[in-house]
Amino acid sequence: ADLKISHMPLTTQFSGKYAHNHTLTLLREVISCEAEQAVTVKIACSDPKAAFHARLFDVETIKVEEGLPTDSKYISKLSRIGVCFFPSLPIGSKKYLLTCHLDPLKVAEEYKLEGKLQWTITFSSENPVTLETDTTKEKYFEAVKQGWGNENPKRAENAKQSREKYLEEKKAPKDTNPPKIIQP
């Protein structure tokens, strides 16, 4: 039998810092490349004890409801501590969304400090791989904020007036002679 041994001469590495958030999202990145190829993906955290869940989605199959991505069916899911590998992803004409979330039961307090936990993604491939941060949620929230201004152009002005009125009331002197309570 003829065996073909494939080697992947190109290593591409991306890294970032965890910014604490309520969903414990470590990263949310879109993976793509121009040539059809198999790619090995390694995800590592700076803390070897960091527990996380990595999921891989086909971008074309992600469901969007009301402008936001919903829980779609993932292609692969790995739960690991410190490091995980996706050994052979067929990337080319498709784009993949890679998400990693810290395990909520094992989040260390020091991760909440800005920049304390870092992540690295390493790709081994024959051709360059592109990594883009998924901004679907940010674009949606920005569109919602813009829509608020379009529905009621005086919304910001009304909010400012309400805020000023509240602050003025808060500054008003309190009654220094409260009524006396008579005990029976």
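Computed from a prediction, not measured in an experiment: that's the story for all the values here. (Residues numbered from 1 in each chain as written. Predicted model: local features only at pLDDT ≥ 70, side-chain atom pairs only at ≥ 80, totals over all residues. Heavy atoms only, no water.)

1. Here's the deal with the nonpolar core
Within the largest apolar cluster, 31 residues are counted, with the highest numbers of intra-cluster contacts made by L26, V41, I43, F86 and L98. Of all the secondary structure elements, the ones that give two or more residues to this core are strand 2 (25-32), strand 3 (37-45), strand 4 (51-58), strand 8 (83-91), strand 9 (96-102) and strand 10 (118-125). Not counting residues up to four positions away in its chain, the partners in contact with L26 are Y18, C45, C100, H101, L102, L117 and W119. (Core = buried A, V, L, I, M, F, W, Y, C linked by side-chain atoms within 4.5 Å. Buried < 20%, exposed > 50% of the residue type's maximum accessible area, 1.4 Å probe, protein only. Helix = DSSP H or I, 4+ residues; strand = E, 2+ residues; numbered from the N terminus. Contact = heavy atoms within 4.5 Å.)

2. Description of the confidence of the model for the protein chain
Close reading of the predicted structure is inappropriate where its pLDDT is low. Of all residues in the protein chain, 83% have pLDDT values of 70 or greater, and the mean over the chain is 80. Across residues 1-5, where pLDDT falls below 50, the model places zero contacts with residues more than four positions away in sequence or in other chains. (pLDDT = per-residue confidence, 0-100.)

3. Quick notes on unusual backbone geometry
In this model, L24 sits at a positive phi of 60 degrees, which is unusual for a non-glycine residue. Mapped onto the elements of the fold, L24 is located in the loop between strand 1 (10-17) and strand 2.

4. Here we look at the packing of aromatic side chains
Tallied over the full model, the rule gives two aromatic pairs. The interplanar angle of 75 degrees and the centroid separation of 5.8 Å between the aromatic rings of F14 and F123 together place this pair among those described as edge-to-face. With a gap of 109 residues between them, F14 in strand 1 and F123 in strand 10 connect regions that are remote in the sequence. On the numbers, 6.5 Å between centres and 85 degrees between planes, the contact of F57 with Y74 is edge-to-face. With F57 in strand 4 and Y74 in the loop between strand 6 (68-69) and strand 7 (76-81), this pair connects stretches of sequence that are 17 residues apart. (Phe/Tyr/Trp six-rings, centres within 6.5 Å; stacked < 30°, edge-to-face > 60°.)

5. Quick look at the sheet that holds strand 11 (residues 130-133)
Strand pairing in a sheet takes place through backbone hydrogen bonds and is either antiparallel or parallel in direction. Reading across the sheet, the five strands line up as 7-4-9-2-11 and stay open at both edges, with antiparallel pairing between neighbours. The open sheet has two free edges, formed respectively by strand 7 and strand 11, since each of these has just one partner strand. The sheet shows a mean angle of 25 degrees between the axes of neighbouring strands, taken without regard to direction. Both strand 2 and strand 9 contribute to a ladder of six bridges, which runs antiparallel. By the bridge assignment, V30 is partnered in strand 9 with L97. (Pairing = 2+ DSSP bridges. Axes fitted to C-alpha atoms, helices over the stretch in contact; angles between N-to-C directions.)

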